[in-house]
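Tertiary structure, described
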Amino acid sequence: MKKLFALILALAMVMALASCGNTASDSGTSGSTTPSTTESTDPNAGGGDQPGKGKTVAIAMPTQSSERWIKDGDNMKAQLEALGYEVLLQYAEDDPQQQVSQIENFVAQMVDCIVIAAVDSGALTTVEAQAKTAGIPIIAYDRLLMNTDAVSYYASFDNKGVGTAIAEYIVDAKDLEAARAAGESYTIEFFMGSPDDNNAVLLYEGIMEVLQPYLDDGTLVCKTGRTSFEETCILRWSQETAQQWCENYLSGFYADEDLDIACSAFDGFSYGIRSALEGAGYTEANWPLITGQDAELMAVKNIISGKQTMSIYKDTRLLAEKCVTMVNAVVNGSEPEINDTETYDNGVMVVPSYLCTPVAVDVNNYEELLVDGGYYTAEDLAG
Ligand code: BGC
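Only a predicted model underlies this, so the values are computations on that prediction, with no experimental measurement involved. (Residues numbered from 1 in each chain as written. Predicted model: local features only at pLDDT ≥ 70, side-chain atom pairs only at ≥ 80, totals over all residues. Heavy atoms only, no water.)

1. Quick notes on the site of the ligand
- Taken together, Arg68, Trp69, Asp142, Arg143, Asp197, Asn199, Trp237, Phe266, Gln293, Asp294 and Lys314 form the complete shell of residues around the ligand.
- Judged by its atoms lying within 2 Å of the grid points, the ligand is housed in the largest pocket.
- Looking at the shell around the ligand, its residues break down into three nonpolar, two polar and six charged. (Near = heavy atom within 4 Å. 1 Å grid on protein atoms, 1.4 Å probe; cavity = no way out; pocket = protein on both sides within 12 Å on 5 of 7 lines; lining within 4 Å. Sits in = over half its atoms within 2 Å of the grid points. Nonpolar A, V, L, I, M, F, W, Y, C, P; charged D, E, K, R; others polar.)

2. Details of the environment of glutamate 247
- When you line up the elements, glutamate 247 lands in helix H10 (residues 239–251).
- Relative accessible area serves as the criterion here: at 36%, glutamate 247 is assigned to the partly exposed category. (Helix = DSSP H or I, 4+ residues; strand = E, 2+ residues; numbered from the N terminus. Buried < 20%, exposed > 50% of the residue type's maximum accessible area, 1.4 Å probe, protein only.)

3. Some words on the confidence of the model for the chain
- Looking at the chain, pLDDT values average 90 and 87% of them are 70 or higher.
- A low-confidence stretch, residues 1–48 stays under pLDDT 50, and its non-local contacts, those more than four residues away or across chains, total 45 contacts. (pLDDT = per-residue confidence, 0-100. Contact = heavy atoms within 4.5 Å.)

4. A short note on the pairing of strand E3 (residues 113–116)
- Alternating positions in E3 separate into two faces, Cys113 and Val115 on one and Ile114 and Ile116 on the other, with burial throughout.
- As paired elements, strand E1 (residues 56–61) and E3 share four bridges and run parallel to each other. Looking at E3, one finds that alanine 60 is bridged to isoleucine 116.
- When E3 meets strand E4 (residues 138–141), the two strands line up parallel, connected through three bridges. Directly across from valine 115, in E4, lies its bridge partner isoleucine 139.
- Between the parallel pair E3 and E4, the chain is carried across by helix H5 (residues 125–133), and the sense of this crossover is right-handed. (Pairing = 2+ DSSP bridges. Right-handed = clockwise from strand over helix to strand, strands pointing away.)

5. Points about the sheet that holds E4
- Read from one edge of the open sheet, six strands run E2-E1-E3-E4-E5-E11, paired in parallel fashion. What marks the edges here is a single partner per strand, and that holds for strand E2 (86–91) and strand E11 (353–356). Put simply, the sheet's adjacent strands are angled 15 degrees from each other on average, direction ignored.
- Across four bridges, the pairing between E4 and strand E5 (residues 151–157) is parallel. Considered in E5, the bridge of isoleucine 138 is made with valine 151.
- Against the sheet, helix H13 (residues 316–332) contacts E1, E3, E4, E5 and E11, and its axis sits at roughly 165 degrees relative to E5. (Axes fitted to C-alpha atoms, helices over the stretch in contact; angles between N-to-C directions.)

6. A few points about helix H8 (residues 198–216)
- With 19 residues, H8 ought to run about 27 Å at 1.5 Å a step, and its terminal C-alpha atoms sit 26 Å apart, in line with that.
- Where H8 bends most, the angle comes to about 45 degrees, and this point is valine 210, followed within four residues by the proline proline 213.
- Residue aspartate 197 occupies the N-cap position of H8, its side-chain oxygen lying 2.9 Å from the main-chain nitrogen of asparagine 199. (Expected span 1.5 Å × (residues − 1). Bend = angle between axes of the 7 residues up to and from the residue. Polar contact = N/O pair within 3.5 Å; in protein donor to acceptor, adjacent residues only side chain to side chain.)

7. A look at the layout of surface pockets
- In this structure, the largest pocket encloses a volume near 310 Å³.
- The wall of the largest pocket is formed by 22 residues, among which Ser66, Trp69, Trp237, Phe266 and Asp294 lie closest to the centre.
- Mapped by element, the contributors of at least two residues to the lining of the largest pocket are helix H3 (67–82), H8 and helix H11 (267–279).
- Among the residues making up the lining of the largest pocket, the classes are represented as five nonpolar, eight polar and nine charged. (Points joined across faces, edges and corners; volume = space filled by probe spheres on them.)

Pasting the structure below:
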């Protein structure tokens, strides 16, 4: 009898706790563990209250030199403000020390949460520890924050998936299987991302997982011989460096033979590569396949005019939205939606993540993906 009573009591307590949990999440807007797209950004969700009222979120972005980060910052600011948060948004213009100072100031101001897309996460470990000591939660945005236990969540894209999508596009567009069977080959050069950005490493791994067999059997020929990450990574994703490298390659290794494929990890590189090719006299007749990443407006215009072949569309609206659910969760003490708890080991901890899906975009699907999807208007692309 005693046992039965204890059981009933235990059940009653569990039910009471469960209902407490519901109440907490109902009042917090983002309290649901699986908020839907509309729920998560609706300022009136959760019974009309604003979960961010009286709270300040600081956002540390890497640079305004690339369009994507401006979009990221704007999207996040707008979404957070719609939830009642005050937002401090700062760009470090690719200067790691400037980003450290910006975050030190955020900590000094005792903001409620800091969102960081790092310039060089190696430079941030001390200031991240300061934030943790001050009780300020940190969310890693797009780029993983390495070697710190001060990060609560990570919102990003499947970064290795970006690499495999680029490489698979090359395999299909050049029909490398047919080339292999016919004993033909294509020349290729690699322009990879910044060595201080974990995304760049993963992207490279994704690319090589697909392309290495074709390099090994000579279907792809890299005349510079530069195929390792160390040899192909470009510090701070510099467009100028990509252009210089490409100019050197074209006037040297490619003086007597065309470059067929420029495997570029970033739209910014692709603009530099385009300039180098134009300078070297390439025309429509021998224009190479050029890849990219971010589906920036200029890149999409280049895709339409044939100066770039493809890019990777990463919907920054969606990424911002996922990050905002994480902010709401850490500020209001609830659990955000995550879909990966294994991949992103930063050297100290595996950071719970939400990874959005990257999609290859080219001249055949840009209208459907980008215009119908509301990312750009037809006027944007025409101008
Ligand atoms: C991002 C890419 C971007 C690159 C350069 C990476 O961390 O994931 O989307 O192209 O930085 O800004």
